[in-house]
Amino acid sequence: MASLDMTKFAESDASKTTDDALLLAAGRGPQNDDVFWGTASTAGALTFIGGPLIAFFWLMVFKKAPGTLIWFCIAWVVGFWFVLAVIMLVLNVLIAAAIFVVIGLCVAALVKVFIVPRIPMAKSFMQVSSLVVNRNMSLTCVSMCGMFIYAVALIWILACTIFSVLHFGYERKADNSLQDNSHAVSAVVFFYQFWLLWTTSILLAVLHCVCAGTFGAWYFDAEKPEVNTVKASLGRALGSSFGSICFGALVVAILKLIKEQLRKAQEGAGNNLVACCLLCIVRCICSMVLDLVEFINDLAYCQVAIFGKAYVPAVKDTINLLFSCNGWNLMLADCIIGNVVSFVVFMSLLLGAGVGFCLGYFMTHGGSSVGHIIVGVVCAVVGALWWYVCISFLTGLP
């Protein structure tokens, strides 16, 4: 009868103990799987919950301290150039440092002349906007529902585009070979691209008109008993004003489509330098026209929602307003608020990424294992995107 070699059993047990220790250190042991993924799910949920909370926090800041927020953003914009100048000075790049100082001084002068006198108006707009949103919290529900519908429409149209391209892209001949239908694919992509641009523009315009109608009802009927103004504004946006909304969205969609076709033509010009330069100039002009039309549309939709005007008369009245003294003040105040909102959205994106990574990484016990890092990165991406979406839609209400 052969004798048992106890040394091999001891070595096997020691090896198993070492492997288990390594798995436990990496957080991947069988007994730690439930704890690891449970903690990771908790970190993701906390990151997800933080989005609406930070959005409402910024809404309260808009209401309680709009002036401080505006001045902080101005200091950020002006100080950015001087910080770059200091960095260039430290790196001994004197010419770049001088250029950044000159740019910073010019920006500071423009702020002093054009922005500072309009800060009280911008403060009033932000305070009133926060007040109306607080009194009509269903606006946030409408905004979140609109965000969901926007995402569904985007996914649906993209899925239709992919399946249509796969269906029309290649055609099987009688000899069982495939024929490339590039022209059919181009037509399909063009159609779905137009559908996507128009649909998303309509959704965003409807949300804008609902908010504008609610604010207009508060302004003109502030002393009357409160009614469901959000419901009434939504009814008008989807009812009597829907044709004007679709018309305005159609104009924006056509301009965006033209801009995209110019980009494709510029890419297809190849080495033709003259054609590339001409297409680049036309594309820049189209981009500026698009920005101007979108700005006018934002104000025209307010007249559509509040006064029930048709799209063309609303645009005419908006242009007349912009060429008046009050219109100039309105544009500058709108630029101030737009920059504040952009700053808030950017900071929320960074904050969401940082909080998500910290929760995902440290709640799963840290360490250097790949699992912890992956959870941290996933939570960072979720936090950045979700916080960005929340703050964009909520700060977009004012």
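Placed above this text is the structure.
Everything numeric here is computed off the predicted structure, so don't read it as measured data.

### Remarks on the side chain of Q303
Following the sequence through the fold, Q303 ends up in helix α10 (residues 273-307). The class for Q303 is buried, based on a relative accessible area of 12%.

### Observations regarding the nonpolar core
With 22 residues, the main nonpolar core has F62, L69, I70, I74, M126 and V340 as its most contacted residues. Those elements that place two or more of their residues in this core are α2 (33-64), α3 (66-90), α4 (94-115), α5 (119-135) and α12 (325-362). For this core, the leading source of residues is α12, giving seven residues. Not counting residues up to four positions away in its chain, the partners in contact with M126 are F62, P66, L69, I70, I337 and V340. In this structure, L59, V142, L207 and A249 belong to the second largest nonpolar core, which totals 21 residues.

### Concerning the packing of α3 against α4
At a minimum axis separation of 7 Å, α3 and α4 run at an interaxial angle of 165°. Between α3 and α4, the crossing angle belongs to the class labelled roughly antiparallel. The handedness of the crossing between α3 and α4 is left-handed. Here α3 contributes I74, V77, V78, W81, F82, L84, A85, M88 and L89 to the contact with α4, which in turn contributes L94, A96, A97, F100, V101, I103, G104, L105, V107, A108, V111 and I115.

### Side note on the packing of α10 against helix α11 (residues 311-322)
Viewed as axis vectors pointing N to C, α10 and α11 meet at an angle of 115°, and their least axial separation amounts to 8 Å. Read as a crossing pair, α10 and α11 show a hand that is right-handed. On α11, the residues that touch F295, I296, N297, L299, A300, Q303 and V304 of α10 are Y311, A314, V315, D317, T318, I319 and L322. Along the lines of polarity and charge, the residues of the contact of α10 with α11 split into 10 nonpolar, three polar and one charged.

### Regarding the environment of S201
Here S201 shows up in helix α7 (residues 182-220). Reaching out from S201, the side chain makes a polar contact with the backbone oxygen of L197 at a distance of 2.7 Å.

### Things to note about the packing of aromatic side chains
For the structure on display, the rule yields seven aromatic pairs. On the basis of an interplanar angle of 75° and a centroid distance of 5.4 Å, the ring pair of F80 and W81 is categorised as edge-to-face. Residue classification places F80 among the partly exposed positions, given a relative accessible area of 42%. Arranged with centres 5.6 Å apart and planes meeting at 35°, the rings of Y192 and W195 form a pair that is tilted. With Y192 and W195 both in helix α7 and three residues apart, this pair spans about one turn of that helix. On the accessibility criterion, W195 (29% relative accessible area) is partly exposed. An aromatic cluster is built from F80, W81 and F100, whose rings are joined through pairwise contacts.

### With respect to the pattern of salt bridges
Counted according to the given criterion, the structure contains four salt bridges. Residues E260 and R263 are paired through a salt bridge, measuring 2.3 Å at the closest nitrogen-oxygen approach. With a gap of three residues between them, E260 and R263 both fall in helix α9 (residues 242-268), about one helical turn apart.

Thresholds applied
- Residues numbered from 1 in each chain as written.
- Predicted model: local features only at pLDDT ≥ 70, side-chain atom pairs only at ≥ 80, totals over all residues.
- Heavy atoms only, no water.
- Helix = DSSP H or I, 4+ residues; strand = E, 2+ residues; numbered from the N terminus.
- Buried < 20%, exposed > 50% of the residue type's maximum accessible area, 1.4 Å probe, protein only.
- Core = buried A, V, L, I, M, F, W, Y, C linked by side-chain atoms within 4.5 Å.
- Contact = heavy atoms within 4.5 Å.
- Axes fitted to C-alpha atoms, helices over the stretch in contact; angles between N-to-C directions.
- Parallel < 35°, antiparallel > 145°, perpendicular 65-115°, else oblique.
- Left-handed = near helix turned anticlockwise from the far one by under 90°.
- Nonpolar A, V, L, I, M, F, W, Y, C, P; charged D, E, K, R; others polar.
- Polar contact = N/O pair within 3.5 Å; in protein donor to acceptor, adjacent residues only side chain to side chain.
- Phe/Tyr/Trp six-rings, centres within 6.5 Å; stacked < 30°, edge-to-face > 60°.
- Salt bridge = Lys/Arg side-chain N within 4 Å of Asp/Glu carboxyl O.

Remember that the coordinates give geometry; whether it matters functionally is a separate question.
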